[in-house]
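Below are the chains, spelled out letter by letter.
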Amino acid sequence: MSASSKTPKKFDESRLAQVLVAPIISEKATQVGEKRNQVLFKVLRDATKPEIKAAVELMFKVEVAEVNTLNQKGKHKRFGRTFGRRDNVKKAYVALKPGQELNFSGEAA
């Protein structure tokens, strides 16, 4: 057994800065946020749950309780005569610990 298996895993900060692509601001995201104290993010398709947790904690200075992810297939759409497909997206539902709050309008005071 190596000593590194017992210590918490460290992530590259430049990688963590890229993991979170964008927050998802929608009606469903707002309902989930109010009901379950969760925030939705669009994340890189190869991002792992521990990476997402570390990225949110690093960028927003909050404590994360858990992370749930889902892969959403891109829709088939028609653009004029041609048919195309939207990109596949990975979403992350990030549950914050009680008392924690995440505000996108401004930085922490």
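Just above sits the structure.
Residues numbered from 1 in each chain as written. Predicted model: local features only at pLDDT ≥ 70, side-chain atom pairs only at ≥ 80, totals over all residues. Heavy atoms only, no water.

**Observations regarding the overall build of the chain**
- Within the chain, the regular secondary structure consists of three helices and six strands.
- Reading the chain from its N end, one meets helices and strands in the order α-β-α-β-α-β-β-β-β.
- Out of the 109 residues belonging to the chain, those deemed buried represent 28%.
- In the chain, 60% of the contacts between residues at least 6 apart in sequence involve partners at least 24 apart.
- Total accessible area computed for the chain in this model is approximately 8300 Å², and 50% of it derives from carbon and sulfur atoms. (Helix = DSSP H or I, 4+ residues; strand = E, 2+ residues; numbered from the N terminus. Buried < 20%, exposed > 50% of the residue type's maximum accessible area, 1.4 Å probe, protein only. Contact = heavy atoms within 4.5 Å. Areas by Shrake-Rupley, 256 points an atom, 1.4 Å probe, with all protein chains shown as cover.)

**Section: the nonpolar core**
- Ranked by size, the top nonpolar core spans 18 residues in total, and within it Leu20, Phe41, Ile52, Val56, Val94 and Leu96 carry the most contacts.
- Of all elements in the fold, only helix H1 (13-19), strand E2 (38-43), helix H3 (49-60), strand E3 (64-72) and strand E6 (89-96) reach the threshold of two or more residues within this core.
- At four residues, H3 tops the list of elements feeding residues into this core.
- With residues near it in sequence (within four places) discarded, Ile52 still touches Val19, Leu20, Val43, Ala47, Val67, Thr69, Ala92 and Val94.
- In this structure, Ile24, Ala29, Leu40 and Tyr93 belong to the second largest nonpolar core, which totals five residues. (Core = buried A, V, L, I, M, F, W, Y, C linked by side-chain atoms within 4.5 Å.)

**Thoughts on the pairing of strand E5 (residues 82-85)**
- Pairing between strand E4 (residues 76-79) and E5: four bridges, direction antiparallel. Looking at E5, one finds that His76 is bridged to Arg85.
- Counted between consecutive antiparallel strands, the loop separating E4 from E5 contains two residues, among which Gly80 sits at a positive phi close to 65°. (Pairing = 2+ DSSP bridges.)

**What to know about the environment of Leu44**
- Locating Leu44 in the fold gives a position in the loop between E2 and H3.
- As a C-alpha pair, Leu44 and Val89 span 45 residues in sequence and 7.9 Å in three-dimensional space.
- Setting aside anything within four residues of it in sequence, one finds Leu44 in contact with Arg15, Gln18, Val19, Val21 and Lys90.

**Some thoughts on the packing of aromatic side chains**
- Taken as a whole, this structure holds one aromatic pair when the rule is applied.
- Geometrically, the ring pair formed by Phe41 and Phe60 is tilted, given 5.8 Å between the ring centres and 35° between the ring planes. Linking Phe41 in strand E2 with Phe60 in helix H3, this pair joins segments that are 19 residues apart in sequence.
- Exposure remark for Phe41: the relative accessible area of 1% places this residue in the buried category.
- A relative accessible area of 27% means that Phe60 is categorised as partly exposed. (Phe/Tyr/Trp six-rings, centres within 6.5 Å; stacked < 30°, edge-to-face > 60°.)

**Things to note about H3**
- An ideal rise of 1.5 Å per residue puts 16 Å on twelve residues; H3 measures up with 16 Å between its terminal C-alpha atoms.
- Buried within H3 we find Glu51, Ile52, Ala54, Ala55 and Val56.
- Against the buried residues of H3 lie H1, strand E1 (20-23), E2, E3 and E6.
- Within two residues after H3, Lys61 carries a phi angle of roughly 55°, on the positive side. (Expected span 1.5 Å × (residues − 1).)

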